[in-house]
Amino acid sequence: MTDTIDTDALTEDEARTELARLAKILEQANAAYHTKDAPEISDAEYDRLKRRNAAIEAQFPTLKRDDSPSDLVGAPVADGFSKVTHAVAMLSLANAFDDADVTEFDARIRKYLGFAADSPLAYTAEPKIDGLSLSLRYENGKLVQAATRGDGAVGENVTANARTIEDVPETLSDAPEVLEVRGEVYMSHPDFEALNARQVGADQKPFANPRNAAAGSLRQLDANITRARPLRFFAYAWGALSDPLSDTQMGAIDRLQTLGFATNPLTQLCDGPDEMIAHYRLIEQKRATLGYDIDGVVYKVNDLTLQSRLGFRSTTPRWAIAHKFPAELAWTRLDAIDIQVGRTGALSPVARLTPVTVGGVVVSNATLHNEDYIAGRDNKGDTIRDGKDIRVGDWVQVYRAGDVIPKVADVDLSKRPEGAVPFEMPGRCPECGSDALREPGDAIRRCTGGLICPAQAVEKLKHFVSRAAFDIDGLGAKQVEQFHADGWIAEPADIFTLRERYGSGLQQLKNREGWGEKSALNLFDAIDDRRNIGLGRVIFALGIRHVGEVAANLLATHYGTWDAFSTAMRAAEDGNDAWEDLLGIDGVGAVMAGSLATTFNQEAEIASIYRLVAHLDIEEAVRPDTSGSPVAGKTVVFTGTLEKMTRAEAKARAEALGAKVSGSVSAKTDLLVAGPGAGSKAKKAAELRVETIDEDGWLDLIEAT
Ligand code: IVH
């Protein structure tokens, strides 16, 4: 591959050819990026090619092309679909990877519900369709709206497109007044083959796999194009409902079928893990001949009352799990190991591979995790792969599991080329030259350059504009990178002065390649729209190590306002009240707390954060479902034996209603729920005059909501 040749070694002719090749690949990648459904090139690969292009241009300035990718900020985003806020969030599923995970799933549910190991508990088992989920809203039996999942809370309005799908009925008879039917849009294998043949015939790029073809077809702005693409739909779930469909999952699926929806014929009722696993094996056997892609089997608790008792974790239901098929594997050559620097300074070795197809997708990059992994050791220093190390030139086995980044699993020593040398991690950051150090107990080497490291700055900015963070229309990773390279933005705060600095005057956004009057104004407006933003998004957007989306939302609901949050983080110090309060949040541990406290006590970091906050109007975080809840904001303690629910269930219900559940009674306790056998806690509550009720009293209280 020419890609791996050092740019210094290129002749002028080779450089010209290479620049032409890169211009073509990057232009295609840009186009693909903007339709968002053709992921044949990763962001990392895109960045690498762009850097390579810049390096060659620096060496041969006269060869710079008129259509040089360096001048390209990205095509303006087409006016997209309107947004739909889902009445009931569209969640994802937790995964099981082996039989033991399935048995544990059943055990966990029994424990939560307080069911004995031998009491009956039925589940449905059905194929997990590899397509994209769609929510269809019917009112009075008429299809009124169809929306994609989006981020689970807000999706895209694709009603016109959904109406072109044969499996999507336009009208229903005898349906509940409001009915949201959820399921998967997919493309069958024969339809996919025929579509790709047509694409090639019309000189268009074929789709990588049926899932991408289905996604690309459903998300066409012109519904007539969707109409020409043979999409199908299986119904398997529901959202908002005015009347229940049934009292069991199986009954509800039957009802959906009676209403006119296609449901999967391999859906079956199982009486426990053994039958579930047997059905999984059967589906696995049939997988190759089904005629459509599936990537596992989904199990769901059959009794809908139990489903509602089990409820949800932050993004997944407790009552369902996806048992995934094993990842697909392939062997290929490791051409090079590059080092990427992440937003927290982590140096990550990335495998550049001779492209190989794994499960229908061409893979040319894979993660190698860290230097220990390459050397044949895991995070704890134990031997992996029988201690075999990985070297450039080796034959390696790569795999993809779900949508995750491909990984390198194994190496074939019998094919190791002579002279292959062990890999050595650089001791300096390849981007800024600062020392790259490992802390004791950490497998990751980190750049110590902090804010001076351009790679960290760019990665922080990319994270800042990502979907779960500021999600600014028209400002994606590529644009941020370009603006950063040209010195237009150095830190998040600079995004909010773009209009001021580049809306008029000598240098203007609308004059940049790929931009125009309309797209520039749209971007400035989109940025202004985001000045008003939720606290959880802001906390997540800061990109603090160990603080992911879920944690950011927990922090937001706990502290409520930016002022309360930032004051507490500045004050938090090992052992003091602010620290204990932070650690008291379910889901926050010492490592995350330490990371938050460190960030908020670094002067340069905090100055940069405050420069950002000065441009924002941060909304107060309110607990979503607790309006009218009698226990919202109260601290509740459970003690003694509970007879109608388990402790875990009681705690989860209370938290869902906005209460804080504590293990001990103190002056801060608002309510004690005491079952039979309550001892010292009840006594202490009496002393402190804390209101005390029994289990039935608790149920009456919360059921009134
Ligand atoms: S149930 C609340 N059933 O898998 C849970 N999902 O990884 C709702 N999927 O977003 C999902 N086949 O797009 C369910 N038989 C099936 C499915 C299925 C495919 C998809 C769905 C979901 C994703 C989660």
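Position labels on residues start from 1 in each chain and follow its written sequence. Predicted model: local features are reported for residues with pLDDT of at least 70 only, side-chain atom pairs are reported and counted for 80 or more only, and whole-chain, interface and lining totals are derived from all residues. Water and hydrogen atoms play no part in the side-chain values, which are based on all heavy atoms of the structure.

Report on the sheet that holds strand β10 (residues 294-301), specifying residues and quantitative values.
Only strands that DSSP links by at least two bridges are regarded as paired with each other. Counting from the N terminus, the helices are the DSSP runs of H or I reaching at least four residues and the strands are the DSSP runs of E reaching at least two. Spatially, 5 strands are ordered β2-β11-β10-β3-β9 in an open sheet, and the strand pairing comes out mixed. Looking at the sheet topology across the chains shown, the edges are occupied by β2 (95-96) and β9 (268-270). Of the strands in this sheet, β3 (123-129), β9, β10 and β11 (320-324) are in contact with helix α9 (residues 273-286), which crosses β10 at around 155°. Only heavy atoms matter for contacts: two residues are in contact if any of them lie within 4.5 Å across the pair. For helices, the axis comes from a line fit to the C-alpha atoms of the stretch in contact; other axes are also lines fit to C-alpha atoms, and the angle between any two N-to-C directions lies between 0 and 180 degrees.

Residue-level account of a negative patch on the surface, with values.
To count toward a patch, a residue needs a relative accessible area over 30% and no salt bridge; like charges are then connected within 9 Å, while nonpolar side chains (Val, Leu, Ile, Met, Phe, Trp, Tyr) are connected within 5 Å. Per-residue and other accessible areas were derived by the Shrake-Rupley procedure at a 1.4 Å probe size, with only the shown protein chains allowed to occlude residues. Put simply, a salt bridge is a Lys or Arg side-chain nitrogen that is within 4 Å of an Asp or Glu carboxyl oxygen. The charge count includes Lys and Arg as positive and Asp and Glu as negative, but it does not include His or the ends of the chains. One atom stands in for each charge, and that atom is NZ of Lys, CZ of Arg, CG of Asp or CD of Glu. Together, Glu573, Asp574, Asp577, Glu580 and Asp581 line one region of the surface with negative charge. The classification of residues rests on relative accessible area computed with a 1.4 Å probe and restricted to protein chains. Under 20% of the type maximum is buried, over 50% is exposed, and intermediate values are partly exposed. Overall, Asp574 belongs to the exposed group, its relative accessible area being 69%.

Can you tell me about the packing of aromatic side chains, naming the residues and giving the values?
Under the pairing criterion, centres of Phe, Tyr and Trp rings, with the six-membered ring standing for Trp, must be within 6.5 Å; the plane angle then separates stacked pairs below 30 degrees from edge-to-face pairs above 60, leaving the rest tilted. Counting across every chain of the model gives 17 aromatic pairs. Residues Tyr186 and Phe234 carry aromatic rings whose centres are separated by 5.0 Å and whose planes lie at 10° to one another, so their mutual orientation is stacked. Note that Tyr186 is positioned in strand β7 (residues 178-186) and Phe234 in strand β8 (residues 232-241), a separation of 48 residues in sequence. With relative accessibility at 8%, the residue Phe234 sits in the buried group.

Which residues make up the site of the ligand, and what values do they have?
Residues are counted as near a molecule or strand when any one of their heavy atoms sits within 4 Å of it. Of all residues adjacent to the ligand, which total 13 residues, the nearest are Glu126, Ile129, Glu184, Tyr236 and Lys300. At the level of secondary structure, the elements contributing two or more residues to the shell around the ligand comprise β3 and β10. In terms of residue count, β3 provides more of the shell around the ligand than any other element does, 4 residues in total. Three residue categories are used. Nonpolar comprises Ala, Val, Leu, Ile, Met, Phe, Trp, Tyr, Cys and Pro, charged comprises Asp, Glu, Lys and Arg, and polar comprises the others, including Gly. Broken down by class, the residue content of the shell around the ligand amounts to 7 nonpolar, 2 polar and 4 charged.

Describe the side chain of Arg352, and please don't skip the residues or the numbers.
As for its placement among the helices and strands, Arg352 is situated in strand β13 (residues 347-358). Take Arg352: its relative accessible area is 4%, and that puts it in the buried class. Among the polar contacts listed, one links the side chain of Arg352 to the side chain of Asp338, at a separation of 2.8 Å. A polar side-chain atom of Arg352 sits 2.7 Å from a polar atom in the side chain of Asn365. Those residues in contact with Arg352 that lie beyond four places of it in its chain are Glu45, Arg48, Arg333, Leu334, Asp335, Ala336, Asp338, Gln340, Ser364 and Asn365. Here a polar contact is taken to be a pair of N or O atoms separated by no more than 3.5 Å, where protein atoms must pair a possible hydrogen donor with a possible acceptor and residues adjacent in sequence count only if both atoms sit in side chains.

Can you tell me about helix α3 (residues 99-113), naming the residues and giving the values?
By this rule, a helix spans an expected 1.5 Å times one less than how many residues it contains. Over its 15 residues, α3 runs 22 Å from end to end, which matches the ideal 21 Å to within 8%, given 1.5 Å per residue. Of the residues flanking the end of α3, it is Gly114, one or two places downstream, whose phi is positive at about 75°.

Could you give an account of the sheet that holds strand β23 (residues 671-674), naming the residues involved and the relevant values?
Spatially, 4 strands are ordered β22-β21-β23-β24 in an open sheet, and the strand pairing comes out parallel. Lying at the two open borders of the sheet, with one neighbouring strand each, are β22 (660-662) and β24 (691-693). Shown here is a sheet whose adjacent strand axes are inclined to one another by a mean of 30°, direction ignored. Here strand β21 (residues 635-639) pairs with β22 via 3 bridges, running parallel. Of the residues in β22, the one forming a bridge with Thr635 is Lys660.

Got a sec to walk through the pattern of salt bridges? Specific residues and values, please.
Tallied over the entire structure, the rule returns 42 salt bridges. For the salt bridge of Asp335 with Arg333, the shortest nitrogen-to-oxygen distance reads 3.1 Å. Residue class for Asp335 comes out buried when judged on its relative accessible area of 12%. In the salt-bridge network here, residues are joined through shared partners; they are Glu371, Asp372, Arg377, Arg438 and Arg445.

Residues and numbers for the environment of Ala262, please.
If you trace the backbone, Ala262 turns up in the loop between α8 (249-258) and β9. Measuring from C-alpha to C-alpha, the distance between Ala262 and Ala235 comes to 6.1 Å, with 27 residues separating the pair along the chain. Ignoring anything within four residues of it in the chain, the contact list for Ala262 reads Asp167, Phe233, Phe234 and Ala235.

Quick one: what's the story with helix α18 (residues 549-559), residue by residue and with numbers?
Looking at α18, one finds that the buried residues are Ala551, Ala552, Leu555, Ala556 and Tyr559. One side of α18 holds all its buried residues, which, seen down the axis, span an arc of 140°. Taken together, the buried residues of α18 touch α17 (535-541), α19 (562-571), α20 (577-583) and α21 (590-599). Among the residues trailing α18, Gly560 stands out with phi positive, at a value near 80°. Think of it as the arc spanned by the lines of direction from the helix axis to the C-beta atoms.

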